[in-house]
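The lines below spell out each chain.
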Amino acid sequence: NTTWFVTMPDATRHVQVAAIPAPHSIALFSDGLQYLVLDHVREVPHEPFFHRAFGVVSSSSSGRNEGACVWIDTMLASDFVRARTDDDTSLILASRVVETT
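The structure contained in this document is the topic of the report that follows. (Residues numbered from 1 in each chain as written. Predicted model: local features only at pLDDT ≥ 70, side-chain atom pairs only at ≥ 80, totals over all residues. Heavy atoms only, no water.)

**As for the packing of aromatic side chains**
Quick note on the threshold: Aromatic pairs are defined between Phe, Tyr and Trp rings, using the six-membered ring for Trp, whenever the two ring centres lie within 6.5 Å; interplanar angles under 30 degrees are classed as stacked, those over 60 as edge-to-face, and all others as tilted. Going along the chain from the N terminus, every DSSP run of H or I of four or more residues is numbered as a helix, and every run of E of two or more is numbered as a strand. Think of it in three bands: residues with accessible area under 20% of the maximum for their type are buried, residues over 50% are exposed, and the middle band is partly exposed, with areas taken using a 1.4 Å probe on protein chains only.
Enumeration according to the criterion identifies 4 aromatic pairs in this entry. Ring centres 6.5 Å apart and planes at 45° place the aromatic pair Phe-29 and Phe-50 in the tilted group. With Phe-29 in strand S1 (residues 25-29) and Phe-50 in helix H2 (residues 47-57), the pair connects residues that are 21 residues apart, well separated along the chain. Judged by relative accessible area, Phe-29 falls into the partly exposed class, the value being 29%. Look at Phe-49 and Trp-71: their rings are 6.4 Å apart centre to centre, the planes differ by 35°, and that puts the pair in the tilted class. Highlighted residues: Phe-49 in helix H2 and Trp-71 in helix H3 (residues 66-76), separated in sequence by 22 residues. Trp-71 carries the same exposure label as Phe-49, and that label is buried. Here a set of aromatic residues connected by ring pairs shows up, and it is made of Phe-29, Phe-49, Phe-50, Phe-54 and Trp-71.

Dropping the structure here:
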């Protein structure tokens, strides 16, 4: 649980980079959520959480999704989450809208 800022002089010793195809969705979260949203045994995202989260985000065609914002706020303030972390709980979710003509 150490933070390595990319602006630190030796940051390249701690950064892992991988080239991947453009993702459909992306999540950024603080370390307070890592044990709730990551499967550390298999080193993958916890699929049930992200399936639900991106389902909520994708329910809007584009732009800010107020329903998703309410869901995230409620989930982060829930007794379930608060009982499992005493750290910050920041979460950003984004999903790409594919335009069809």
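There's plenty left to go through after this.
**Remarks on the side chain of Thr-85**
Using the following cut-off: Residues adjacent in sequence count toward polar contacts only when both atoms are side-chain atoms; beyond that, a polar contact is any pair of N or O atoms within 3.5 Å, and within protein one must be able to donate a hydrogen and the other to accept it.
Topologically, Thr-85 is positioned in the loop between helix H4 (79-82) and strand S4 (91-95). Judged by its relative accessible area of 17%, Thr-85 falls in the buried class. A distance of 3.2 Å separates a polar side-chain atom of Thr-85 from the backbone nitrogen of Asp-87.

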